[in-house]
Amino acid sequence: MQEEQQPEAAADPMSSSDAPEDGPKETSSVSQNISDADAFKILLEMKMKKRQKRPALPSTVTELDTEDGSKVYVVGTAHFSDSSKKDVVKTIQEVQPDVVVVELCQYRVSMLKMDEKTLLKEAKEINLEKLQQAIKQNGVMSGLMQMLLLKVSAHITEQLGMAPGGEFREAFKEASKVPFCKFHLGDRPIPVTFKRAIAALSFWQKVKLAWGLCFLSDPISKDDVEKCKQKDLLEQMMAEMIGEFPDLHRTIVSERDIYLTYMLKQAAKQIELPRASENDPRKYIPAVVVGVVGMGHVPGIEKNWNSDLKIQEIMSVPPPSASSKIFKFVLKATVFGLLGYGCYRIGHRTVQFVLSMPATQSYLQRLTEVPQQ
């Protein structure tokens, strides 16, 4: 469930380019014979010097503490926001974290390596191939729901001219510049989320939600996106959503709040320092973690922070309900019916067109004259 990537340190302080060319050979010999433990200590000291004791953090950052003294800085972001990118960069530079956790899973990690132009093009293009891939990966219902949500994302992308996930890409870049900083994917796998969301909705709720997503066309400005970083406005939007689809909110927001909190707490475990030998005692220091999540998840993370969390239940996929089976049957019957009707209409028109051609009429006339002769 927990995917890790460990970016390498951006610079090696022991590289030969840092040493003067005419320096004494003894210095070079000492540099070559330095142990891994000593090298770790040097890099760690450099990191600690850059780490601010009282960091000047953006207003979107929430600070949380663990029982063993570790600190977690949760950056609440709007997923289509330039200022959110700046908030992430500033926070990582200020606290020099040991781990960066982002609201992504292994199924969405590709957006970290794509450039902005490619992502912008991908987000706008929703074709039959993507639909088939989504259905193959998540099933018919979950696949269709994923494509509808992609349509919403594409609508926002088209309105703003900005690809989603910019704050996660900035977090990935900055984490690679911090010595010994690990990069964790902290979100629940998206197929599990979609399948649980679909299973939680009734037949008519699915129809209503699909209808609303299909005909989404309200204009969205950059000012609207920035307003999503205000907790009061976001809580109001969530309250409206709960009133209409409470089960959907539970599976897509509340359950993921629990999962994200669990992953942040796992990342915030104390760090073991390297030992010169096996006989030396183990030493641990508190960890510093930066979490990058959507602002809508921050209240839930704060609420669950001091709870004893178990994620087994929210990772299970319930069997399809009777309404899901009926909807799936009706959908397949409709698709095949439309295909059959289309083939019939095309065939009928083709036959009429061929029969109306002069060459065909002449040939048929000859055929009718043969028996008479």
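For the structure itself, look to the data block above.
Below is a summary of the structure that appears in this document. (Residues numbered from 1 in each chain as written. Predicted model: local features only at pLDDT ≥ 70, side-chain atom pairs only at ≥ 80, totals over all residues. Heavy atoms only, no water.)

1. Looking at the overall build of the chain
Put simply, the rule reads: Working definition: helices are DSSP H or I runs of at least four residues, strands are E runs of at least two. Numbering for both runs from the N terminus. Here, two residues are considered to be in contact whenever any of their heavy atoms come within 4.5 Å of each other. Per-residue and other accessible areas follow the Shrake-Rupley method at a 1.4 Å probe size, with only the shown protein chains counted as cover for residues.
Check the secondary structure of the chain and you find 16 helices and 8 strands. Within the chain, contacts between residues at least 6 apart in sequence are counted, and of these 82% link residues at least 24 apart. A total accessible area of about 22,300 Å² is found for the chain, and carbon and sulfur atoms account for 56% of it.

2. A short note on the packing of aromatic side chains
To be explicit about the condition: Classification of ring pairs uses Phe, Tyr and Trp, with its six-membered ring standing for Trp, and accepts pairs whose centres are within 6.5 Å; under 30 degrees between planes counts as stacked, over 60 as edge-to-face, and the remaining range as tilted. Exposure categories follow from relative accessible area, calculated using a 1.4 Å probe and restricted to protein chains: below 20% of the type maximum is buried, above 50% is exposed, and the middle band is partly exposed. Two limits define a charge over a ring: the Lys NZ or Arg CZ must be within 6 Å of the ring centre, and within 35 degrees of the ring normal.
Under the counting rule described, the total for this entry stands at 1 aromatic pair. Between F172 and F183, the ring centres sit 5.0 Å apart and the planes meet at 85°, which makes this aromatic pair edge-to-face. With F172 in helix α7 (residues 166–175) and F183 in strand β5 (residues 182–185), this residue pair connects regions lying 11 residues apart in the sequence. Judged by relative accessible area, which is 21%, F172 ranks as partly exposed. In this structure, K265 is placed above the aromatic ring of W305, and the distance from its NZ or CZ to the ring centre is 5.8 Å.

3. A closer look at helix α2 (residues 36–50)
Stated precisely, the cut-off is as follows: Given a helix with a known number of residues, its expected span is that number minus one, times 1.5 Å. Our arc is simply the arc of the directions from the helix axis toward the C-beta atoms.
Here α2 spans 21 Å end to end across 15 residues, near enough to the 21 Å set by a 1.5 Å rise per residue. Within α2 the residues assigned to the buried category are A37, F40, L43, L44 and K47. For α2, the angular spread of the buried residues around the axis is 130°, confining them to a single face.

4. What to know about unusual backbone geometry
Within the chain, Q96 stands out as a residue other than glycine whose phi angle is a positive 45°. With respect to the helices and strands, the residue Q96 is situated in the loop between α3 (82–95) and β4 (99–102). Residue Q96 is classed as buried on the basis of its relative accessible area of 4%. Phi is positive for F180, close to 60°, though the residue is something other than glycine. Along the polypeptide, F180 turns up in the loop between α7 and β5.

5. Quick look at the pairing of strand β3 (residues 71–77)
What counts is decided by this rule: Criterion used throughout: strands pair if DSSP finds at least two bridges between them.
Across the 7 residues of β3, 6 count as buried, placing the element largely inside the fold. Direction of pairing for strand β2 (residues 61–65) relative to β3: antiparallel, over a ladder of 5 bridges. Its bridge partner lying in β3, T62 is registered against V74. Two successive antiparallel strands, β2 and β3, enclose a turn made up of 5 residues, where G69 displays a positive phi of approximately 95°. Both β3 and strand β8 (residues 288–294) contribute to a ladder of 7 bridges, which runs parallel. From the neighbouring strand, V74 faces β8, where its bridge partner is G291.

6. Side note on the side chain of E255
Considering the arrangement of structural elements, one finds E255 in helix α12 (residues 246–267). Residues in contact with E255, not counting those within four places in the same chain, are R188, R196, R250 and I314.

7. Side note on the nonpolar core
Rule in force here: Put simply, a nonpolar core is a bunch of buried Ala, Val, Leu, Ile, Met, Phe, Trp, Tyr and Cys residues held in one set by side-chain atoms that sit within 4.5 Å of each other.
Of all hydrophobic cores here, the largest spans 21 residues; its most connected members are V100, V102, A171, F183 and V290. Those elements that place two or more of their residues in this core are β3, α3, β4, α7, β5 and β8. Leave out the neighbours within four places in its chain, and V100 touches I92, A171, A175, C181, K182, F183, H184 and V290. Within the second largest apolar cluster, 15 residues are counted, among which are L64, L264, V293 and I301.

8. Brief notes about the packing of α3 against α7
For clarity, the threshold we go by: To obtain each axis, a line is fitted to C-alpha atoms, and for helices this fit is confined to the stretch in contact; angles are then taken between N-to-C directions over 0 to 180 degrees. Roughly parallel covers angles under 35 degrees, roughly antiparallel covers those over 145, roughly perpendicular covers 65 to 115, and oblique covers all other angles. Handedness of a crossing is defined here by the sense of rotation of the near helix relative to the far one, left-handed for an anticlockwise turn of less than a right angle and right-handed for a clockwise turn. Each residue receives one of three labels: charged for Asp, Glu, Lys and Arg, nonpolar for Ala, Val, Leu, Ile, Met, Phe, Trp, Tyr, Cys and Pro, and polar for the others, Gly being one of them.
The contact between α3 and α7 brings their axes to 8 Å, and the two run at 25°. Here α3 is positioned roughly parallel relative to α7, judged by the angle of their axes. The two elements α3 and α7 cross, and the hand of that crossing is right-handed. Seen from α3, the contacting residues are S84, K85, V88, V89, I92 and Q93; seen from α7, they are G166, E167, E170, A171, E174 and A175. Classifying every residue of the contact of α3 with α7 by side-chain character gives 5 nonpolar, 3 polar and 4 charged.

9. With respect to the side chain of N304
Within the element layout of this structure, N304 appears in helix α13 (residues 298–304). Look at N304 and you get buried, because its relative accessible area is 14%. Apart from residues lying up to four places away in sequence, N304 is in contact with D257, I258, T261 and L309.

10. Here we look at the packing of helix α8 (residues 190–200) against α12
Relative to each other, α8 and α12 sit at 150°, their axes nearing to 8 Å. Taken together, α8 and α12 sit at an angle that is classed as roughly antiparallel. Every pair of crossing elements has a handedness; the one defined by α8 and α12 is right-handed. Facing T193, R196, A197 and A200 of α8, the residues of α12 in contact are D247, L248, R250, T251, I252, E255 and R256. Class assignment of the residues belonging to the contact of α8 with α12 gives a composition of 4 nonpolar, 2 polar and 5 charged.

11. Side note on the pattern of salt bridges
Quick reminder of the rule: Basic side-chain nitrogens of Lys or Arg form a salt bridge, by our definition, when they fall within 4 Å of a carboxyl oxygen of Asp or Glu.
For the structure shown, the criterion picks out 15 salt bridges. Here E63 makes a salt bridge to K71, at a shortest N to O gap of 2.9 Å. You can call K71 partly exposed: its relative accessible area is 29%. Here the salt bridges share partners, and the residues they tie into one network are R188, R196, D247, R250 and E255.

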